[in-house]
Amino acid sequence: MPISAPRSHDRGRVAIFVDGSNLFYAAMQLGIEIDYTKLLCYLTQDSQLLRAFFYTGIDPGNDKQQGFLLWMRRNGYRVVTKDLVQLPDGSKKANLDVEIAVDMMTLADHYDTAVLVSGDGDLAYAVNAISYRGARIEVVSLRSMTSDSLINVADQYTDVADLKPYIQKVSRTNYTYHPL
């Protein structure tokens, strides 16, 4: 059952914090591509947007990613990046939990509602501290990838799977891209 956001007069000024990696893996699980314009519109729902942040690890040599991040900057998002670090197993990761938590705390006096698009339990302590400062906390993430501790400190939780029809990119072509 989809949970819709409260009316704008209940939400006041809204700040959005999107954990790009977390949302990317959620979208992969759901088999969709996110339309970030639709996402921003859905998360604000006629509320006054203070700011929307998008946090992601970057590979400086990836031109496609650089183009995407430029598009994000030009379409309503403040993009916060950190270089990817290669782990011993060969995978790459950039942990932006501290950046998300610091930005949420720094702006807490300027928004009434924080929308955190992440299921990362490492953010639960910061989210709880922000709620004690009087801000409303809404968490949006894929349930199977969301920490119970984060849900427990949120005022509202929405499973991103319920938002699929509202935030997925609609394909305009009938072909599928296959990498070489």
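Our subject is the structure listed above.
Quick summary incoming for the structure in this document.

The rules behind each value
- Residues numbered from 1 in each chain as written.
- Predicted model: local features only at pLDDT ≥ 70, side-chain atom pairs only at ≥ 80, totals over all residues.
- Heavy atoms only, no water.
- Helix = DSSP H or I, 4+ residues; strand = E, 2+ residues; numbered from the N terminus.
- Rg over C-alpha atoms; globule rule 2.2 N^0.38 Å.
- Buried < 20%, exposed > 50% of the residue type's maximum accessible area, 1.4 Å probe, protein only.
- Contact = heavy atoms within 4.5 Å.
- Areas by Shrake-Rupley, 256 points an atom, 1.4 Å probe, with all protein chains shown as cover.
- Lys, Arg positive; Asp, Glu negative; His and termini not counted.
- Charge placed at Lys NZ, Arg CZ, Asp CG, Glu CD.
- Phe/Tyr/Trp six-rings, centres within 6.5 Å; stacked < 30°, edge-to-face > 60°.
- Pairing = 2+ DSSP bridges.
- Right-handed = clockwise from strand over helix to strand, strands pointing away.

### Concerning the overall build of the protein chain
Of regular secondary structure, the protein chain possesses eight helices and eight strands. Over its C-alpha atoms the protein chain spans a radius of gyration of 16 Å, differing by no more than 12% from the 16 Å that the globule rule assigns to 180 residues. Here the C-alpha coordinates of the protein chain stretch approximately 50 × 40 × 30 Å along the principal axes. Looking at the 180 residues of the protein chain, the share that counts as buried comes to 43%. Taking the intrachain contacts of the protein chain between residues at least 6 apart in sequence as the baseline, contacts between residues at least 24 apart amount to 64%. Accessible area of the protein chain: about 10300 Å², with a carbon and sulfur share of 51%. Distance between charge centres in the protein chain, computed from 18 positive and 21 negative side chains, equals 6 Å.

### Observations regarding the packing of aromatic side chains
For the coordinates displayed, the defined rule picks out ten aromatic pairs. Between Tyr 36 and Tyr 77, the aromatic rings sit 6.3 Å apart at their centres with planes inclined by 85 degrees, giving edge-to-face as the arrangement. Placement of the pair is Tyr 36 in helix α3 (residues 36–44) and Tyr 77 in the loop between α4 (63–74) and β3 (78–83), with a sequence separation of 41 residues. Note on accessibility: Tyr 36 and Tyr 77 belong to one class, buried. Measuring from ring centre to ring centre gives 5.9 Å for Phe 53 and Tyr 55, while their planes differ by 25 degrees; the resulting arrangement is stacked. Per residue, the accessibility class of Phe 53 equals that of Tyr 55, and both read buried. Members of the aromatic cluster, each reached through a chain of ring pairs, are Phe 17, Phe 53, Tyr 55 and Tyr 111.

### Here we look at the environment of Ala 15
Here Ala 15 shows up in strand β1 (residues 13–19). Between the alpha carbons of Ala 15 and Arg 78 there is a distance of 11 Å; along the sequence they are 63 residues apart. Look past the residues within four positions of Ala 15 in its chain and what remains in contact with it is Leu 50, Arg 51, Tyr 111, Thr 113, Ala 114 and Val 115.

### Observations regarding the pairing of strand β2 (residues 48–58)
Of the pairings in the sheet, the one linking β1 to β2 comprises seven bridges and is parallel in character. When the bridges of β2 are listed, Val 18 appears paired with Phe 54. Taken together, β2, α4 and β3 constitute a β-α-β crossover, and its handedness is right-handed.

### Thoughts on the environment of Ile 167
By the element assignment, Ile 167 lies in helix α8 (residues 160–167). Sequence separation of Ile 167 and Asp 35 is 132 residues, and the distance between their C-alpha atoms is 5.5 Å. If we ignore the near neighbours within four places in the chain, the residues touching Ile 167 are Glu 33, Ile 34, Asp 35, Lys 38, Leu 39, Tyr 42 and Val 160.

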